[in-house]
Amino acid sequence: NAEECIESTVLYDGPHPELAAKLEKEILETNPGVKWDDIAGLSEAKRILQEVMVLPLLMPEYFQGIRRPQRGVLIFGPSGTGKTLLAKVVATECGTTFLNISCSSLCGDCYGESERLTQCLFEIARTHAPTTIFIDEIDYLCSSKGSATEHEASRRVKAELIVQIDGLNNSNKMVTVLAATNFPQSLDEALRRRLKKRIYIPLPDFKSRKELIKINLKSIKLAPGVNIDQVARRTEGYSGDDLTKVCRDASFNGMRLKISGKTTEEIKNISKSEILNISITMDDFLEALDKIKPTVSATDIQRYEKWLLEFGSS
Ligand SMILES: Nc1ncnc2c1ncn2[C@@H]1O[C@H](COP(=O)(O)OP(=O)(O)OP(=O)(O)O)[C@@H](O)[C@H]1O
Ligand SMILES: [Mg+2]
């Protein structure tokens, strides 16, 4: 939302206006327009997020003292299960300023810049409170990949992040840090302790898979005989993203059949209504299922569940 960005440049009156301007360029889309209903399943995660992010805004008097809301929230789970999507819903539905920042844009090149950028981010957040700072793939800050200077920069961002989250706990400005990761195991203890609310985003169960198929095929015609229950049963172990790929692939199949063997000229002559009327058949699904296999392994899942047992919270 470009207008908001410009406005916030004006509002910022901290000590580093040039860094604030740089950061605001990096802060990504602020209103992605994803609704609660666009997410299949995950009702527990939705409930917890509402409780942490929305209720304290609605009844601040209640959320005092021991009921003080958690300022650090972690969503974790296998790839393609809707973590980033959930954050986008928070952005759209929670009515807070949403700052979507990537770890790499907090890592500065020169000495001390990483700390200043991180401080600056929180200054911007406080200016616009209530604010959600979303940090996707937060494990990046703890990984030792990349060059030595990169590693050093992310270590500094992490240290400053910890200081800043501690600061939030002593302030009555409503700023929440929402972080997401596929590698919760790589977070160190210090960072983990600041992300007190930890929400597991598992692979979709049967009911959620059915819901997800319906969401994906909202605008598409189904041929008689399409059995969504059967597709949902056959996709045990698929992530939401895998399942979306299956639906997408199946939805193209009718078109593929229609144009196969035709010349470009012949394809041009197919009428629009004929194309739009192609419906998805059960065979399309079965073909797609043969092609697209689940990307998350059972060992991966075990690893998440083990971490959940040890460090999870609800
Ligand atoms: N529960 C869900 N409801 C609706 N769509 C979903 C769901 N889970 C996954 N998807 C689909 O999968 C795509 C990828 O989801 P998303 O990017 O949120 O995954 P992620 O958990 O952030 O993955 P990664 O850990 O790899 O970043 C979404 O754009 C959406 O199409
Ligand atoms: Mg993601």
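The structure we're discussing is the one just above.
Treat the numbers as computed from the prediction; the structure is a model and nothing was measured.

Draft legend 1. Layout of the overall build of the protein. What the protein contains, in helices and strands, is 15 helices and five strands. Projected onto its principal axes, the C-alpha coordinates of the protein cover approximately 65 × 45 × 45 Å. Going through the 314 residues of the protein one by one, you find that 46% of them count as buried. Restricting to contacts in the protein with at least 6 residues of sequence separation, those with at least 24 account for 83%. Carbon and sulfur atoms make up 52% of the accessible area of the protein, which totals about 16300 Å². Charge centroids of the protein, computed over 42 positive and 44 negative side chains, lie 4 Å from each other.

Draft legend 2. Local environment of the site of ligand 1. Residues in contact with ligand 1 amount to 17 residues; listed here are only the nearest, S79, G80, K83, T84 and N182. Between ligand 1 and A40, the relevant distance is 2.9 Å, taken from a nitrogen atom to a main-chain nitrogen or oxygen of the residue. Backbone polar atom of G82 to an oxygen atom of ligand 1: 3.1 Å apart, as the coordinates give it. Contact with the protein chains removes 78% of the 640 Å² of surface that ligand 1 exposes when unbound. Only α4 (83-93) and α11 (240-259) provide two or more residues apiece to the shell around ligand 1. The residue inventory of the shell around ligand 1, partitioned by class, reads five nonpolar, eight polar and four charged.

Draft legend 3. Fine view of the sheet that holds strand β3 (residues 131-136). Strand order in this open sheet of five strands is β2-β3-β4-β1-β5, and the pairing throughout is parallel. Both edges of this open sheet fall to β2 (97-102) and β5 (197-200), since each of them pairs with a single strand only. For this sheet the average axis-to-axis angle between neighbouring strands, irrespective of direction, equals 20°. The pairing of strand β1 (residues 72-76) with β5 spans four bridges and is classified as parallel. Opposite F76, over in β5, you have Y200 as the bridge partner.

Draft legend 4. Spotlight on the pattern of salt bridges. Per the counting criterion, the structure on display carries 14 salt bridges. The partner of K258 in a salt bridge is E274, with the nearest N and O atoms 3.4 Å apart. Here the residue K258 occupies a position in helix α11, and E274 occupies one in helix α13 (residues 272-276), the gap between them amounting to 16 residues. Judged by its relative accessible area of 37%, E274 falls in the partly exposed class.

What counts, and at which threshold
Residues numbered from 1 in each chain as written. Chains lettered and ligands numbered in written order. Predicted model: local features only at pLDDT ≥ 70, side-chain atom pairs only at ≥ 80, totals over all residues. Heavy atoms only, no water. Helix = DSSP H or I, 4+ residues; strand = E, 2+ residues; numbered from the N terminus. Buried < 20%, exposed > 50% of the residue type's maximum accessible area, 1.4 Å probe, protein only. Contact = heavy atoms within 4.5 Å. Areas by Shrake-Rupley, 256 points an atom, 1.4 Å probe, with all protein chains shown as cover. Lys, Arg positive; Asp, Glu negative; His and termini not counted. Charge placed at Lys NZ, Arg CZ, Asp CG, Glu CD. Near = heavy atom within 4 Å. Polar contact = N/O pair within 3.5 Å; in protein donor to acceptor, adjacent residues only side chain to side chain. Nonpolar A, V, L, I, M, F, W, Y, C, P; charged D, E, K, R; others polar. Pairing = 2+ DSSP bridges. Axes fitted to C-alpha atoms, helices over the stretch in contact; angles between N-to-C directions. Salt bridge = Lys/Arg side-chain N within 4 Å of Asp/Glu carboxyl O.

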